[in-house]
Every structure is written in C-alpha cells, then in structure tokens.
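# A structural walkthrough
This is what each chain is made of:
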Amino acid sequence: MLEVENLSVAYGKHEALRDVALRVETGRTVVILGANGAGKTTLLNAIAGLVPARPGARIAIDGASIQQAPAHRIVERGVALVPEGRRLFGEMSVLDNLRLGAYAQRAREGEGPRLERMLALFQRLGERRHQLTRTMSGGEQQMVAIARALMSSPRLLLLDEPSLGLSPRLGKELFATLRQLASDGQSILLVEQAAHLSLRLADWVYVLENGRIVRSGTPDDIRNDNSLRRSYLGL
Amino acid sequence: MVLFEAVLSGILVGGMYGLIALGLNLQYGIARMMNLAYGEALMGGAFTAFWFFTLWRIDPLASMLFSVPVAFVGNWLIYRYLLTPLVRRAANQDVLEADTILVTFGLLFVFQGVALVQWGGEYRGYTYLAVPLNVLGATVALNRVLAFAAAVALALALYWLLRSTRLGGAMRAIAIDPVAAQLVAIDVPRLSALAFATGGAIMAVAGTLVSMFLSFNASIGIVYTLKALIVVIMGGVGRMLGCLMAGLLLGVAEALGAYLVDPGLTLAINFALFLLVLLVRPQGLFSRG
C-alpha cells in the first residue's frame, strides 16, 4: 500500500536521507532498524509530510502520490504518525486528545465506537479519561499518542520509537498491544532502535545506516546476519 | 457611593478590555502573530459607527454589518499576503517575531496616517442612548451598560466556541502545538488565518461599542493595542477566561486610580500593573504552574 522510491531529504547541506526505497504491503508490519542519527525520524517525517523531500522522490499510497501534499492532507489519505516525543496536547484531557485525533473527515463516521474501542484497548486511558495528558507518565502518554493516531482511522500507522523512555515492562506491554493491532489487520511501519522486541513483531525489516537502506530481509535473515547481530541486537 | 460608582464604571469598561484581549489571543495565541496594528480595526470600527450615525442616522449597532466584515476580510488579507510570506522566509521563530513586529508596526502608521488625512486628528464622539440608568443605587449611562453587555456576551460566546465545538478544539490544538495539530489533519494555515481574521473582526465590534460612550481620534488604535497586550500578559497567553478576568481587573484599577488619585494617571496605571505582573507572575495571573 505504501511505496517509497528515491527519497532523499537534506537539512541545508546535511543530507539526512539518500535514495531510500521501501514498501509496506496491506496488513503487514514493517520495521526499520537504525542507530541514533541514522535518519529514522526524518524518514517517517518525510512520509507524513512534515519535512520536504528532494525533487524526484516518489511517495505513494495505493498508487496515488502523496509527495508534496501538506501533512493534514496525508492524514486524510489514511497515514497517521505517532511522532518522536509524542507531541500530545498536554493542556488537554485524554478524551480531548482522542477526539482531536478524529478531526479528519475520514474519521468522523464511526468516531464514537472507535473511541470506545480505544478506551477498551488501552484500559488505563479509560480510567483516566479526564486527566490532563501532561500530568501522565511516559507510558501512559505513549498510549494516548498511539490511540490519538488510531482515532483517525488510519490505513497505515507510522510509529517513531514508541518504546523510547519506557521501562522494559511497559515496552513489552506496548509491543503486545501493537501485536494485537497487527493481528487485527492494521498496517504498521515502525522505526526502532530496540531490535529484539520489534523483530518479533515484523513481517519485513529494513536496516537504515547514515541515511541509506543498507539491508532488508525477514526478521530471521536479520537475526542470522553476524554483523547486524552485533550492531542492533547487542549479541 | 461615589466609590462604588467608580468601581462600577471600571467594570463596565473592563468588559471591553476583556473582549479585545480575547481577540488578541486569537491572533497571538493561535495564529502566532504579534500584530501591533491590531488596534487599528478598533479605530476603523469607531469611525464607521461615527460617520454612519452622524451622516445617515444609522444605528451604531447596524454599522457593524459593514465594519465587521471589512475588518475580517482586511485582517485575513494582512495575514495571508503580508505575514504568511514572512513565515516562509524566516530562519527561526525569533526572526519571525522580530519581522512581524516591524511589519505590523509600519502597518499601524499606514492605517493611522490614512485616517489622519481623511478625518483629521481631533477627537470625535456622538450621543447615543445617553440615558441615565440606576444600577444598585449608582447612576450609569445606558450606552455603557449596553456596550458592557454586548462585549461580555460576545466574549462568552467566543469562549464557548473555543471550548465546546470541534472547530474551537482545533484552534486550541494549534495554540498548543501547530505541528501536532497537522498530524491530526487540522489545516493549520487555514484555521490560523481564520483566527487572525476573527481577532480583527472582534476589534471592529469593540470599536463600535467604545464609540458609543468614549471619544476617539485617528491615533486611538495603538492605545487599545497596548491595553489588549497588557491584559493578555496579565491573564496569560491562551487563557480565555483569565483574560476576561484580567480585563475587568484593569478596568477597575484604572477607574479607582482616576477616582482616588488623578484621571491623568490611567496610562501610568496600565503600565505599572503590566510591570508588576511581569516581575511577579510573568506566566500570567490566572495561569497554573
């Protein structure tokens, strides 16, 4: 459903991404592994329309280009990003954040039932629906961020290091939730530094180094690659 | 009793201050533009009401059918064609802030200059609903009560709009984080322009209301820009109810100062309060944390 070709992004003279190509098929979970500064966040931000790509890039959803579309239109096309740092509306309650998540036209229909589903999926949010999100713990905030993105009824969910800053236990909980979403048919593109949890979730893996895709394969391919084992699995 | 009358007249003017602070909050808090020409829409609204009334005996309230749409469209054009290009060009937020302040500072003199050439510098006013009214034993003019009621009603309507509608929620989201707002499909440039234009339209309403009971001239705009700025700082950027309360507070402080000390002190009291808030509670009187 998502096709990216020839994607390059530069901040001034610094080239953050170079000729990146990747695909996400409907219903699949694709993981992009990369160290700090490899360009993972830039890649997701470029797909979501937050940073402009160099001319010549092609980013398409179901064959239709979203390259150069403003970020709010891309959400309407069914791509939702859980951004780095979560970027919640901190002065608003959980419910207000989730309702804003359904601001997109595509999300208006079925908003009520979807909200109920989110509060069931993330039970802790149900208990704290009136709490201001800036007063919540990191793990709870990450749940709000994911639930807010899902409220837009996305065809593809982009996740930028969702486990960052979470305790190992909360990280595991989070990945269990993502696994449930994936088994419900949600297409997911996830970037992570933490390889062991994300590899278990992945149908396909890309490895990003210094702004380029250097390797791709099934999770088993990656696990069995000795040089990658050292860099990303800490083995 | 005279003291009570002073407080009462302060409250009546204070409602107006609250309203113009809300409008500035729309422009500065949501559209993120410090507009020093903000008060010029008030001056325009006041002159429109004056000329419509003196030339054609048209009711000031009816004159808003003309002045409010003009202010809305004019502010929209300013935002879209004068200020948005600065956003694209600016290297960072600080440069943008400096650029917008300089541009709108210049704009203020353009509007003021045109008004001076057209209508001269003398103070104008007209008599409208100057009927004495008894409020809890104090005597006030009906036009002041009407202006207060209209200002507070509009301010509360605006507050409700921002609190309880989808559109208002989107505007508050932009005020908190414009990037996150885009990620939930909010068209940030369009709604920012709408907020900016609405802020200008509110000033035309305020100008009409002010003209009913205070005299004004071509250079009055900047005075109200400053008052709105002071009230927003007192109430807290983005705090709608805080601004309403701060507006009432400023009105009462001005009236008490004028009554107890000297009417010439009004502006001095404005800035004394401003400095006090900046020194003691820079985040605003009604902000948490």
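What comes next concerns the included structure. (Residues numbered from 1 in each chain as written. Chains lettered and ligands numbered in written order. Predicted model: local features only at pLDDT ≥ 70, side-chain atom pairs only at ≥ 80, totals over all residues. Heavy atoms only, no water.)

### Notes on the interface of chain B and chain A
Frequently, the measure chosen for interface size is the accessible area that the parts lose on association. Across the boundary between the two partners, chain B contributes 19 residues, which contact 24 residues of chain A. Summed over both partners, the interface of chain B with chain A buries about 1,900 Å², with 64% contributed by carbon and sulfur atoms. When the buried surface of chain B facing chain A is broken down by residue, B:Arg166, B:Leu183 and B:Val184 rank first, second and third, together holding 36% of it. Applying the counting criterion to the chain B and chain A interface returns 3 salt bridges. Among the ionic pairs, A:Glu111 bridges to B:Arg166, the shortest N-O distance being 2.7 Å. Summed over the shared surface of chain B and chain A, the result is 4 residue pairs in polar contact (both at pLDDT 80 or more). Only helix H6 (166-176) and helix H7 (178-183) of chain B provide two or more residues apiece to the side of chain B that touches chain A. No other element matches the 6 residues that H6(B) contributes to the side of chain B that touches chain A. (Contact = heavy atoms within 4.5 Å. Buried area = accessible area lost by both parts, 1.4 Å probe. Salt bridge = Lys/Arg side-chain N within 4 Å of Asp/Glu carboxyl O. Polar contact = N/O pair within 3.5 Å; in protein donor to acceptor, adjacent residues only side chain to side chain. Helix = DSSP H or I, 4+ residues; strand = E, 2+ residues; numbered from the N terminus.)

### Regarding the pairing of strand E4 (residues 58-61) of chain A
All names here are of chain A. Taken together, the 4 bridges between strand E1 (residues 2-11) and E4 define a ladder with antiparallel strand orientation. Across the sheet, residue Val-4 finds its bridge partner in E4, namely Ile-59. Linking E4 back to strand E5 (residues 64-65) in an antiparallel pair, the connection comprises 2 residues, with Asp-62 at a positive phi of about 50°. (Pairing = 2+ DSSP bridges.)

### Side note on the packing of helix H9 (residues 221-235) of chain B against helix H10 (residues 240-260) of chain B
Angle between the axes and distance between the axes are the two parameters that describe a pair of packed helices. Residue and element names in this part refer to chain B. Direction vectors running N to C along H9 and H10 enclose 120°, while the axes themselves pass 8 Å from each other. Comparing their axes, H10 and H9 come out oblique. Two packed elements cross with a definite hand, and for H9 against H10 that hand is right-handed. Contact residues: Lys-227, Val-231, Val-232, Met-234 and Gly-235 in H9; Gly-242, Cys-243, Ala-246, Gly-247, Leu-249, Leu-250 and Glu-254 in H10. (Axes fitted to C-alpha atoms, helices over the stretch in contact; angles between N-to-C directions. Parallel < 35°, antiparallel > 145°, perpendicular 65-115°, else oblique. Left-handed = near helix turned anticlockwise from the far one by under 90°.)

### Notes on the sheet that holds strand E9 (residues 204-209) of chain A
All names here are of chain A. Read across the sheet, 6 strands follow the order E6-E7-E8-E3-E9-E10 without closing on themselves; strand pairing throughout is mixed. At either end of the open sheet lies a strand with only one pairing partner, and these are strand E6 (79-82) and strand E10 (212-217). When the angles between neighbouring strand axes are averaged without regard to direction, this sheet yields 20°. Its contacts with the sheet place helix H1 (residues 40-48) against strand E3 (29-34), E6, strand E7 (156-160), strand E8 (187-192) and E9, and it is angled at close to 150° to E7.

### Side note on the side chain of A:Gln67
In this fold, A:Gln67 is placed in the loop between E5 and helix H2 (71-76). In this structure, A:Gln67 is in contact with A:Ala53, A:Arg54, A:Ala57 and A:Ile59, ignoring residues within four places of it in sequence.

### Some thoughts on the environment of A:Leu189
When you line up the elements, A:Leu189 lands in strand E8. Put simply, A:Leu189 and A:Gly39 are 150 residues apart on the chain and 15 Å apart in space, counted from C-alpha to C-alpha.

### Looking at the nonpolar core
Residues B:Met16, B:Ile20, B:Leu26, B:Ile186 and B:Tyr224 are the most contacted members of the largest nonpolar core, which totals 70 residues. With residues up to four places along the chain from it excluded, the contact list for B:Ile186 reads A:His72, A:Leu100, A:Tyr103, B:Ala170, B:Ala173, B:Ile174, B:Ala181 and B:Leu191. In this structure, A:Val31, A:Met136, A:Leu197 and B:Ala185 belong to the second largest nonpolar core, which totals 47 residues. (Core = buried A, V, L, I, M, F, W, Y, C linked by side-chain atoms within 4.5 Å. Buried < 20%, exposed > 50% of the residue type's maximum accessible area, 1.4 Å probe, protein only.)

### Quick look at the pairing of E8(A)
Residue and element names in this part refer to chain A. When you tally the buried positions in E8, you get 6 out of 6 residues, the bulk of the element. With burial as the criterion, each face of E8 is covered, one bearing Ser-187, Leu-189 and Val-191 and the other bearing Ile-188, Leu-190 and Glu-192. Looking at chain direction, E3 and E8 are connected through 5 bridges and run parallel. Bridging from a neighbouring strand, Thr-29 pairs with Ile-188 of E8. By the bridge criterion, 5 bridges tie E7 to E8 in an arrangement that is parallel. For Leu-157, the partnering residue across the bridge sits in E8 and is Ile-188.

### Let's talk about the side chain of A:Glu192
Residue and element names in this part refer to chain A. The topology assignment puts Glu-192 in strand E8. Within the buried set, Glu-192 has no salt-bridge partner at all; the shortest N-O distance to an opposite charge, 7.5 Å, is to Lys-40. For Glu-192, the side chain forms a polar contact with the side chain of Ser-163, separated by 3.0 Å. Once you skip the residues sitting within four places of it in the chain, Glu-192 turns out to touch Ile-32, Leu-33, Gly-34, Lys-40, Glu-161, Pro-162, Ser-163, Phe-175 and Ser-198. (Lys, Arg positive; Asp, Glu negative; His and termini not counted.)

### So, the packing of aromatic side chains
The geometry of an aromatic ring pair is captured by two quantities: the separation of the ring centres and the angle between the planes. All names here are of chain B. Applying the stated criterion across every chain yields a total of 13 aromatic pairs over all chains. On the numbers, 6.4 Å between centres and 45° between planes, the contact of Phe-50 with Tyr-126 is tilted. Here Phe-50, found in helix H2 (residues 40-56), pairs with Tyr-126, found in the loop between helix H4 (93-119) and strand E1 (132-135); they are 76 residues apart in sequence, far enough to count as distant. Using a relative accessible area of 7% as the deciding quantity, one classes Phe-50 as buried. Residue classification places Tyr-126 among the buried positions, given a relative accessible area of 10%. Cluster of aromatic residues (ring-pair linked, three or more members): Phe-47, Phe-50, Trp-51, Phe-53, Trp-119, Tyr-126, Tyr-128 and Phe-216. The aromatic ring of Tyr-81 is capped on one face by Arg-80, whose charged end is 5.2 Å from the ring centroid. (Phe/Tyr/Trp six-rings, centres within 6.5 Å; stacked < 30°, edge-to-face > 60°. Lys NZ or Arg CZ within 6 Å of the ring centre and 35° of its normal.)

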